Amino acid sequence: MLIREKRPQGSLYPQITQAPTNYFDFLNYFRGGHTIDNNLTAGVIAISTQANLLKSAIASGHLTLTKNMANPDDSVADIVLTDEGAEQLITPQDRQHCKLAVELARQSIHENDGEPHPYVGAVVVKDGVVIATGYRGETGEGRHGEYCALRKLNDDVDNVDLRDCTVYTTLEPCSIRKSGKTPCTTRLINGKVARVVYGLADKDETVFGHSSLEEAGIEVDLFPKTLRQELLLLNKKWSDTRRQPEVMPPPNDTPPKATQSYNKPGTAMTDNIHLFFRPPKDTGGFYTIEDIGRNVLACGRTFDEAAVKWHQIDTQKVLIEKLNRQGGLCGDQRLRLG
């Protein structure tokens, strides 16, 4: 794994000789990146099989080696698998299953709400055999492709056994759903899936399926580049709507329905972040989520719409920014966090 924090002087770092000696396994070892002792020219290290594999992989563009910036005073290097390197790890069987997922994605049935939606196909494979497939909207309006595939394995889709399975999905699995719905990433993790291969990364900042899967110890791969390009074109209309700048309304001068504070470990309480969920002052106004400086961070036309964003911000603070929740007040069950 990559070392991202400064270590005490004299710390020992992983050696390149700890990596496998088979080229395929060697590349796979650096999936997600590894920090090593940059002593590659020293004695027995320089003549090791792994050091020679590293030279070949860098020359082929399959791996990159850069200085570890967290420990600039030490001779430490970060080795990362490139896109070209990841392509080497895709087997013919993987390509076949990825192509099937793309074909399924083209069958997606979109909601009739005037909004663009993604084309998503999913394939579940165990021991080389396809055991379930699905595409967006196949079993009901708005249902995600992964959901439709998992539902075929168990009507109780929150209790699907995915051990020893690989799930191929054309879009990075979702991380957050509206109240009462379970994110696809959560279902995959709870099902103990062995591996997830996806095609298109979701540009929405509330989607962090890739990170969550890796944190759960699940192997994550990407579709071959040619298929990723195909999915980019197929989903361009929808993808272009992601991360659009949102024009915020003015802050509400109303008593908050909920408050929440966050603290970064090791910092003073005076550095806490304080958030407020405020109702509109007038009929037809926006519900707002504001910080202590009266800056509007998110808003919603309805209570439920704003509540979803309230929970999304909390997820961002706790899971991504690694902040701790401090004291908070909540007068509505739908806004309770944790």
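Structural notes, computed from the coordinates. All figures in this text were calculated on a predicted structure; none of them were measured in a lab.

This next bit is on helix 5 (residues 92-105). Three or four residues apart is the spacing at which side chains of an α-helix point the same way, because the helix has 3.6 residues per turn. Counted at 1.5 Å a residue, the expected span for helix 5 with its 14 residues is 20 Å, and the 20 Å between its end C-alpha atoms agrees. Looking at helix 5, one finds that the buried residues are Asp94, His97, Cys98, Ala101, Val102, Leu104 and Ala105. Within helix 5, the buried residues cover an arc of 160 degrees as seen down the axis, which keeps them to one side. Counted as exposed and oriented over 90 degrees from the buried face of helix 5: Pro92, Gln96 and Glu103.

Although it is not a glycine, Lys192 sits at a positive phi angle of roughly 60 degrees. Here Lys192 lies in the loop between helix 7 (184-190) and strand 7 (195-200). For Lys322, which is not glycine, the phi dihedral falls at a positive 60 degrees. Relative accessible area serves as the criterion here: at 46%, Lys322 is assigned to the partly exposed category.

Along the polypeptide, His34 turns up in strand 1 (residues 34-37). At 3.3 Å, the side chain of His34 and the backbone oxygen of Tyr29 are in polar contact.

Attention now moves to the sheet that holds strand 13 (residues 324-330). Taken in spatial order, the 5 strands of this open sheet run 12-11-10-9-13, and their pairing is antiparallel. This sheet does not close on itself; its edge strands, each paired only once, are strand 12 (296-300) and strand 13. Going from strand to strand, the sheet's axes swing by 15 degrees on average, the running direction of each strand aside. The pairing of strand 11 (residues 287-291) with strand 12 spans 4 bridges and is antiparallel. From the neighbouring strand, Tyr287 faces strand 12, where its bridge partner is Gly300.

One finds Val124, Leu150, Leu162, Leu188, Val193, Val196 and Leu213 to be the most contacted residues of the largest nonpolar core, which totals 19 residues. Of all elements in the fold, only strand 4 (121-126), helix 6 (145-151), strand 6 (165-171) and strand 7 reach the threshold of two or more residues within this core. The element contributing the most residues to this core is helix 6, with 4 residues. Those residues in contact with Leu188, other than ones at most four positions away along the chain, are Leu162, Val167, Pro173, Val193, Val196, Leu213 and Ile218. Judged by nonpolar contacts, the second largest core, of 16 residues, contains Phe30, Leu54, Ile79 and Leu81.

As a further point, take the pairing of strand 7. In terms of burial, strand 7 is largely enclosed, as 6 of its 6 residues are buried. One ladder, built from 5 bridges, connects strand 6 with strand 7; its direction is parallel. Following the sheet pairing, Thr169 is matched in strand 7 by Tyr198. Of the crossover connections in this fold, the one passing from strand 6 over helix 7 to the parallel strand 7 is right-handed. The pairing of strand 7 with strand 8 (residues 219-222) spans 4 bridges and is classified as parallel. Bridging from a neighbouring strand, Val197 pairs with Asp221 of strand 8.

All right, on to the packing of helix 5 against helix 9 (residues 225-234) then. Interhelical geometry of helix 5 versus helix 9 gives an angle of 10 degrees and a closest axis separation of 11 Å. It follows from the interaxial angle that helix 5 and helix 9 lie roughly parallel. Here Arg95, Cys98, Lys99, Val102 and Ala105 of helix 5 come into contact with helix 9, specifically with Leu227, Glu230, Leu231 and Leu234. Class assignment of the residues belonging to the contact of helix 5 with helix 9 gives a composition of 6 nonpolar, no polar and 3 charged.

Two orientations exist for strands paired in a sheet by backbone hydrogen bonds: parallel and antiparallel. Read across the sheet, 3 strands follow the order 1-3-2 without closing on themselves; strand pairing throughout is antiparallel. Because the sheet does not close on itself, it has two edges, and the strands there are strand 1 and strand 2 (63-67). Neighbouring strand axes in the sheet, compared pairwise and without regard to direction, differ in orientation by 30 degrees on average. Packing of helix 3 (residues 49-59) onto the sheet brings it into contact with strand 2 and strand 3 (76-81), and relative to strand 2 it is tilted by some 105 degrees.

The rules behind each value
- Residues numbered from 1 in each chain as written.
- Predicted model: local features only at pLDDT ≥ 70, side-chain atom pairs only at ≥ 80, totals over all residues.
- Heavy atoms only, no water.
- Helix = DSSP H or I, 4+ residues; strand = E, 2+ residues; numbered from the N terminus.
- Expected span 1.5 Å × (residues − 1).
- Buried < 20%, exposed > 50% of the residue type's maximum accessible area, 1.4 Å probe, protein only.
- Arc of directions from axis to C-beta.
- Polar contact = N/O pair within 3.5 Å; in protein donor to acceptor, adjacent residues only side chain to side chain.
- Pairing = 2+ DSSP bridges.
- Axes fitted to C-alpha atoms, helices over the stretch in contact; angles between N-to-C directions.
- Core = buried A, V, L, I, M, F, W, Y, C linked by side-chain atoms within 4.5 Å.
- Contact = heavy atoms within 4.5 Å.
- Right-handed = clockwise from strand over helix to strand, strands pointing away.
- Parallel < 35°, antiparallel > 145°, perpendicular 65-115°, else oblique.
- Nonpolar A, V, L, I, M, F, W, Y, C, P; charged D, E, K, R; others polar.

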